[in-house]
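# Topology and contacts: notes
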Amino acid sequence: MAKNLIQFQKGLSFPDFLAQYGTEAQCGDALFGWRWPAGFVCPECGHAEGFTALRTREPMQCRHCRHQTSVSAGTIVAYTKLP
Ligand SMILES: [Zn+2]
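This section reports on the structure supplied with the text. Keep in mind the model is a prediction, meaning the values are calculated, not measured.

Turning next to unusual backbone geometry. With a phi close to 70 degrees, arginine 66 is a non-glycine residue in the positive phi region. By the secondary structure assignment, arginine 66 is in the loop between β2 (60–62) and β3 (68–69). Looking at arginine 66, the relative accessible area reads 63%, which means it is exposed.

A cluster of nonpolar residues, Leu12, Phe14, Phe17 and Leu18, forms a patch on the protein surface that exposes about 390 Å² of accessible area. Mapped onto the secondary structure, leucine 18 falls in helix α1 (residues 14–21). In this structure leucine 18 comes out as partly exposed when scored by relative accessible area, which is 41%.

The rules behind each value
- Residues numbered from 1 in each chain as written.
- Predicted model: local features only at pLDDT ≥ 70, side-chain atom pairs only at ≥ 80, totals over all residues.
- Heavy atoms only, no water.
- Helix = DSSP H or I, 4+ residues; strand = E, 2+ residues; numbered from the N terminus.
- Buried < 20%, exposed > 50% of the residue type's maximum accessible area, 1.4 Å probe, protein only.
- Patch = residues over 30% accessible without salt bridge, like charges linked within 9 Å, V, L, I, M, F, W, Y side chains within 5 Å.
- Areas by Shrake-Rupley, 256 points an atom, 1.4 Å probe, with all protein chains shown as cover.
- Salt bridge = Lys/Arg side-chain N within 4 Å of Asp/Glu carboxyl O.

In structure tokens, the structure reads:
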């Protein structure tokens, strides 16, 4: 029987996954890097002047137009209740 190449493809082991994405902060940092690889760009006004963190992590407020957003806003995980 032929080996299922999808099932046995090289990937991330569970310990490696936990090492990279084991905490909410690591996941937030990963989302931020995927969404804004060159640094924060306001989705409302397009300026890249940075943001002010209103609390520990979310929401973030654009320093130019004061639009508030988050790393998860507009993504598939935007309304999740899970950490
Ligand atoms: Zn803005």
